[in-house]
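Descriptive structure summary
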Amino acid sequence: MLGRMLWRDLWHLRGPLMAAALVVACGIAVLVALRGTHQSLLLAQSDYYQSHRLADVFAHLRRAPDSLAEQMRQWPGVAQVQTRLMVEVTVDVPGLAEPAMAKLVSVPGTHRPVLNDVQLVRGRYLDAGASDQVLVSEAFALANGLQVGDTLGAVLHGRQKTLVIVGIALSPEFVYEAGSGMIFPDNRRYGVMWIAHETLAPAFDMQGAFNDVSVSLGRGASEPTVIAALDGLLLRYGGLSAHGRDLQLSHRFLSDELGELGVMTTALPSLFLVVSAFLLYLVLSRLVATQRPQIGLLKAFGFTDWRVGLHYFGFAAVTVLIGLWVGVPVGLVLGQMFVDIYRDFFHFPSLHFVVDPDLVGLCVGVSLLSAGAGALLSVRRAMGLAPAEAMRPESPVSYRAGTWLQQGWSTGLPASVRMIGRNLLRRPWRAVGSVLGIACAMGLLLLGRFAMDAPQHMLSVQFNQVQRDDVMVTYNEARGPRALLEMAAMDGVIQVEPFRALPAWLQHGHRRKRIDVMGLMPGNGLHQLLDARLQPVDLPPQGLVLSAKLADILGLAPGDRVSLEALEGRRPVLDMPVVSVVDEMLGLGAYMDAAALARLLGEDHTSSGAYLRIEADKALQVYERLKRMPAVAGVAVAHATQQSVRETMARAFFFFSGILLVFACVIIAGMVYNSARIALSERGNELASLAVLGFTQREVAFLLLGEQVALLALAVPVGLGVGYGLCALLVPLFDRDLFRVPLVLTPWSYAYAVLAACGASVLSGLLVARRIRRLDLIAVLKTRE
């Protein structure tokens, strides 16, 4: 009998229950998609690192003899040592106007690397003794349409060389393939190539030497001890400080992304499930109120409190089942789409969306828990009703006029508005819950827009105010004024501004950080420093200017002094004052006047590269000349970098924002629809009476839907505040050494959230208005109050 009652009531309340079930489905879908993606990335990372032997410790230096490798192998805790050459060169890619950059990594010509092994995707490994063969990273090859057998032009230590692609490869060392200082990968203009050590060493006069070393550790080894030993051994050879995997660029990006994904895996599903619990509370509380007589009869005929309680818990269980039935398949599809997007950023030999059976159990558990929490109060209320008490209609909460209705100004309001206000104030907690539900959904909408607004702002500031150059050129080593004169003499170059990048240790007390100190030209040149208000900051004639993040890491403030240990030349240790702090969103910066830095180092007009402004109609000529300049190791074209980043954002962030839009609209529509349906159920007799007394359908609908409009109006400012707060909570999550995401939301983003909320509310209101038009006045008036 109770089963038949359950199915009858489920059919009668199918609209509100389906609204709650859809919100449950959204939460389940997000949980399946995000957690499955997180597990898939972790599994792919673990398998790849282990099977291809990613090193544990890395160090780069200027030049050291190969004989040091055997000495390192004898250290306690060291399992494997691999020495190699690693250099960056300019590459002439067919079909690409701008010069590309490639990181050349030497590998043994006769056997596979013992660490950081490559995975061949297509083609074959290098032939022994071949001097012109390379393996090219898959991302670089795909972006440029390169195939096995194609050729590339490269400048190796001042000499032009043609390289033949014999294989397309991957490496665990370059899962995230981005150059130094890059946030997003630009696979069209930056790639990795592996070349035989026997070919690369003579080209750079490095026979019998290496400039990069990777070390794997045995079980129980102390990583800090090995790093300290490496630093001590390589100091005299120009060592630039060893580091573990945590500071390896690719691994760091991947680890940060996994951390952020882990946070989102918990936060987003929780929001959906809390809202679904509230919707179930609305439905069941009304159901218990309308079925008081039935509950009294059931108990009078011997049904126990627990049996009655389980009957109403059945509503929650069915809602969860529908949510699971819809949410799990949608989550699987979304998870596969997320993994497809991650393949554009993280390059694994095998990355598939994997669903752990435990994940399905987790979905069932958390959805039942949330539904049970939403049903609990209503079920306890049904279980606590005594049979005699249940047979009587429920007494109204209060008969007195509300406080605001007793105010003089309220008498001028239309009667319909006073009725709407009275009904909202009679159940304030329900109104608060509806407002918060809609507000949380609006917060999700703003969160999706924040994912686009913040990077757009970063791009605008970086390329329009900070880096005002057209092209940034880096040399293969620090050079004198002749290189600068060659740049200035090129046809099409309007302005040349040199810079000096000095690798150094900054130390303040026990805090140390390895960074590049940039020597810039004073004045408002092609590279500006900005304060927190985005106003230009002048370089002082003496002392350092630090980025706010670096100053925070080192515990420094303007007026403090910091020890600067240069890692080039005579490697002097200098005591420097911190003059000011600037606000930067990219990297960790330390800046000096170029002339002051040169004096401290005893150099004469030495530069590490130059910023160029060029004529747009002669850009291709400049690019062709830069491709063949022996001194040039890298070229970054501003407009090409911006275009690449915007394309990357379009692929990832627009999809994420679209998913949040759909799910947030489901929440808003569910909240408005359920609130209106419950109000219609509660006030059906009253509304039918008004219709009989002469009220038009429009006036009756206004009384009902006007409450939802009032709730929406209250929810809009709250939702905008919630959205801003959610974005503010996410900002520390993206506060990294490599970049910091600013808290930026454009006016259009606020309008977008408001319009989406209004649109979802209008659709729900139309469904309820349709039901009002079909109201059977006679049947409703016969219903007991």
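Above this note sits the structure.
For the structure given in this document, a descriptive report is provided here. (Residues numbered from 1 in each chain as written. Predicted model: local features only at pLDDT ≥ 70, side-chain atom pairs only at ≥ 80, totals over all residues. Heavy atoms only, no water.)

Looking now at the overall build of the chain. Secondary structure summary: the chain contains 21 helices and 22 strands in total. For the chain, the proportion of its 785 residues judged to be buried stands at 54%. If you take every contact in the chain between residues at least 6 apart in sequence, the share linking residues at least 24 apart comes to 82%. As displayed, the chain offers around 34,000 Å² of accessible surface, 60% of which is attributable to carbon and sulfur atoms. (Helix = DSSP H or I, 4+ residues; strand = E, 2+ residues; numbered from the N terminus. Buried < 20%, exposed > 50% of the residue type's maximum accessible area, 1.4 Å probe, protein only. Contact = heavy atoms within 4.5 Å. Areas by Shrake-Rupley, 256 points an atom, 1.4 Å probe, with all protein chains shown as cover.)

Core analysis: the biggest nonpolar cluster contains 111 residues, and Phe348, Leu444 and Ile668 have the highest contact counts within it. When residues no more than four places from it in sequence are discounted, the contact partners of Phe348 are Leu41, Ala44, Gln45, Tyr48, Leu170, Val175 and Leu254. With 28 residues, the next largest nonpolar core counts Val93, Ala141, Leu146 and Met206 among its residues. (Core = buried A, V, L, I, M, F, W, Y, C linked by side-chain atoms within 4.5 Å.)

So, about helix α9 (residues 305-343). The first and last C-alpha atoms of α9 sit 55 Å apart over 39 residues, in line with the 57 Å expected at 1.5 Å per residue. The largest bend along α9 reaches roughly 25 degrees and is located at Phe313. (Expected span 1.5 Å × (residues − 1). Bend = angle between axes of the 7 residues up to and from the residue.)

For the rest of this paragraph, the subject is the side chain of His527. Secondary-structure assignment places His527 in the loop between β14 (511-520) and β15 (529-530). Here Tyr611 takes part through its side chain, which lies 3.3 Å from a polar atom of the side chain of His527. Among all residues touching His527, those that are not within four sequence positions of it are Val466, Gln467, Glu497, Leu520, Tyr591 and Tyr611. (Polar contact = N/O pair within 3.5 Å; in protein donor to acceptor, adjacent residues only side chain to side chain.)

Here the focus is the packing of aromatic side chains. A complete count under the given rule lists eight aromatic pairs for this structure. Aromatic pair Tyr48 and Phe348: ring centres 6.0 Å apart, planes at 65 degrees, arrangement edge-to-face. With Tyr48 in helix α2 (residues 14-51) and Phe348 in the loop between α9 and α10 (357-384), this pair connects stretches of sequence that are 300 residues apart. A residue is classified by how much of its surface remains accessible, and Tyr48, at 2% relative accessible area, is buried. Every member of this aromatic cluster is reached through a ring pair, and the members are Tyr176, Phe253, Tyr342 and Phe346. The ring of Tyr752 has Arg449 sitting right over it, with the charged end atom 5.2 Å from the ring centre. Here Arg512 stacks its cationic end above the ring of Trp505, 3.9 Å away from the centre of that ring. (Phe/Tyr/Trp six-rings, centres within 6.5 Å; stacked < 30°, edge-to-face > 60°. Lys NZ or Arg CZ within 6 Å of the ring centre and 35° of its normal.)

Sheet architecture is open: four strands sit in the order β2-β10-β1-β11, paired in antiparallel fashion. Sheet topology places β2 (78-84) and β11 (243-244) at the edges, where each strand pairs with a single neighbour. The sheet contact formed by strand β1 (residues 57-65) and β11 spans two bridges and is antiparallel. Pairing of Val57 across the sheet is with Gly244, part of β11. (Pairing = 2+ DSSP bridges.)

Now for unusual backbone geometry. It is generally the case that most residues other than glycine have a negative phi and that most peptide bonds are trans. The phi dihedral of Arg53 is positive, around 55 degrees, even though this residue is not glycine. With respect to the helices and strands, the residue Arg53 is situated in the loop between α2 and β1. Notably, Leu534 is not glycine yet its phi reads approximately 65 degrees, a positive angle. Examined against the element boundaries, Leu534 turns out to sit in the loop between β15 and β16 (536-537). A relative accessible area of 25% places Leu534 in the partly exposed class.

When their charged atoms lie close together, side chains carrying opposite charge are able to pair. Applying the stated criterion to the full structure yields 25 salt bridges. Of the charged contacts in the structure, one is a salt bridge between Arg112 and Asp117, with a shortest N-O distance of 3.3 Å. We classify Asp117 as buried; its relative accessible area is 9%. Across the pair Asp575 and Arg561 runs a salt bridge, and its minimum N-O distance is 2.6 Å. Taken together, the residues Asp575 in strand β19 (residues 573-582) and Arg561 in strand β18 (residues 561-566) connect sequence positions 14 residues apart. You can call Arg561 partly exposed: its relative accessible area is 44%. Through salt bridges that share partners, Asp92, Glu624, Lys627 and Arg628 make up one connected network. (Salt bridge = Lys/Arg side-chain N within 4 Å of Asp/Glu carboxyl O.)

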